[in-house]
Amino acid sequence: MDGDKIGKADQVMQNPQAMAALQERLESASHTPSTIMDSIPIQVKRRVNALKQLQVKCAHIEAKFYEEVHELERKYAAMYQPLFDKRREVVTGSIEPTDEECEWHSEGEEEDELAEDMKKKATVEENKEDAVPEEDLKGIPGFWITIFRNIDILSDLVHEHDEPILNHLQDIKVKFSDPGQPLSFTLEFLFEPNDFFNNAVLTKVYKMKSEPDQADPFSFEGPEIVDCEGCLIDWKKGKNVTVKTIKKKQKHKGRGTMRTITKQVPSDSFFNFFNPIKVSGDGEALDEDSEFSLAEDFEVGHFFRERIVPRAVLYFTGEAIEDDDDNFEEEEGEEGEEEEDVDEDEEYDPKA
């Protein structure tokens with residue numbers, strides 16, 4: 001029976017008029033997978049299925065490619081690290097760069113110097129007593145907290161009570177998983193001794209997957225973050241900014257007497273970043289709010305890894321932010337038209 005169908009399909013494919021009719025059917029059909037596949041002869045459908053098998057094999061080869069990319073990232077991360085270590089030493093004031101290392105010519109530098117000279121002359125007599133002697137400044141004060149303020153995705157997470165703590169942040173590192181281990185990367189936040197917690201390092205591990213989904217192999221577009229794990233912060237007494245104490249009045253049901261109790265409730269803070277929502281291991285679906293929070297967490301972790309750590313100084317000065325803005329083009333509608341706000345989040349691509 002199947003052989004007869006295949007034979008008839010071959011005859012159709014060899015008939016120019018039949019081929020023209022088939023082409024017309026394909027062009028008139030709405031372009032969805034089901035309508036396309038329903039519109040073609042069984043013999044052609046078999047060959048399309050063979051191409052899909054080839055596509056699955058391509059996806060598995062692509063997964064191997066990304067595994068090797070991860071190994072390259074790990075290799076070059078070790079080469080970058082001495083430079084990042086020196087960046088930390090300059091930021092913290094552990095070393096003073098030489099005059100030669102400090103030379104940097106930028107566009108409009110002469111105009112900037114002239115403007116600065118005029119500004120100094122105009123203010124030379126002002127606030128002498130309150131001025132901090134320039135020689136007393138060490139490193140680059142407020143380096144990391146300035147970066148956090150400059151980047152929208154981070155500034156939204158940082159609250160006023162977080163800033164005194166983040167002033168003690170000395171460095172952020174990215175570490176890649178070792179060969180043979182499941183794909184992951186770890187963010188390390190290094191803090192100087194402070195009055196808020198005892199940890200010298202706070203960590204966040206992002207676990208990744210780089211293999212096609214058996215149920216939907218064609219959706220594979222490279223490694224994606226699938227889970228993350230924070231760390232326990234050893235807060236000093238009364239310094240935990242992730243909780244707040246509130247007072248509540250309670251009335252006794254029988255006697256009608258009132259009492260006041262105090263309880264701790266969660267508080268918005270950047271440091272909740274180290275206590276993320278856990279992906280359910282039993283396959284239970286998260287609610288919509290949890291899914292959104294987790295997706296935002298993954299985006300922040302990816303941004304630290306791909307942008308902030310490698311290019312920290314440019315986010316401090318704002319130059320990297322200008323570059324990011326240049327990647328977006330404003331589209332102007334016709335006069336009288338307005339852009340309609342769409343309540344959708346952009347899809348996150350870990351490769352971006």
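Residues numbered from 1 in each chain as written. Predicted model: local features only at pLDDT ≥ 70, side-chain atom pairs only at ≥ 80, totals over all residues. Heavy atoms only, no water.

1. Brief notes about the sheet that holds strand β4 (residues 224-229)
Reasoning step 1: If you walk across this open sheet you meet the 4 strands as β1-β2-β3-β4, and the pairing is antiparallel. Single-partner strands in this sheet number two, and they are β1 (169-176) and β4. Across this sheet, the average inter-strand angle for adjacent strands is 20°, counted without regard to direction.
Reasoning step 2: The pairing of β1 with strand β2 (residues 184-191) spans 7 bridges and is classified as antiparallel. Bridging across to β2, Ile172 finds its partner in Phe189. (Pairing = 2+ DSSP bridges. Helix = DSSP H or I, 4+ residues; strand = E, 2+ residues; numbered from the N terminus. Axes fitted to C-alpha atoms, helices over the stretch in contact; angles between N-to-C directions.)

2. Comments concerning the confidence of the model for the protein chain
Reasoning step 1: Looking at the protein chain as a whole, the pLDDT averages 80, with 71% of positions reaching at least 70.
Reasoning step 2: Scored below 50 in pLDDT, residues 333-352 shows 19 contacts in the model against residues more than four places distant or in partner chains. (pLDDT = per-residue confidence, 0-100. Contact = heavy atoms within 4.5 Å.)

3. Concerning the nonpolar core
Reasoning step 1: In terms of nonpolar packing, the biggest core is built from 46 residues, with Phe148, Phe189, Phe197, Phe270, Phe271, Phe273 and Phe304 touching the most fellow members.
Reasoning step 2: Of the residues forming this core, the biggest block, 6 residues, is contributed by helix α10 (residues 288-308). (Core = buried A, V, L, I, M, F, W, Y, C linked by side-chain atoms within 4.5 Å. Buried < 20%, exposed > 50% of the residue type's maximum accessible area, 1.4 Å probe, protein only.)

4. Observations regarding the pattern of salt bridges
Reasoning step 1: Summed over the entire model, instances satisfying the criterion amount to 12 salt bridges.
Reasoning step 2: The salt bridge involving Lys64 is made with Glu67; its shortest N-O contact spans 4.0 Å. Of this pair, Lys64 and Glu67 are both found in helix α4 (residues 42-92), 3 residues apart, which corresponds to roughly one turn of the helix.
Reasoning step 3: With a relative accessible area of 32%, Glu67 lands in the partly exposed category.
Reasoning step 4: Among the salt bridges present, the one from Lys86 reaches Glu101, with a minimum N-O distance of 2.6 Å. Placement of Lys86 in helix α4 and of Glu101 in helix α5 (residues 99-102) is noted, with a sequence separation of 15 residues between them. (Salt bridge = Lys/Arg side-chain N within 4 Å of Asp/Glu carboxyl O.)

5. Considerations on the environment of Ser155
Reasoning step 1: Along the chain, Ser155 falls in helix α8 (residues 152-155).
Reasoning step 2: Using a relative accessible area of 25% as the deciding quantity, one classes Ser155 as partly exposed.
Reasoning step 3: In this structure, the C-alpha to C-alpha distance between Ser155 and Phe270, residues 115 residues apart in sequence, is 9.1 Å.
Reasoning step 4: A polar side-chain atom of Ser155 sits 3.2 Å from the main-chain carbonyl oxygen of Asp152. (Polar contact = N/O pair within 3.5 Å; in protein donor to acceptor, adjacent residues only side chain to side chain.)

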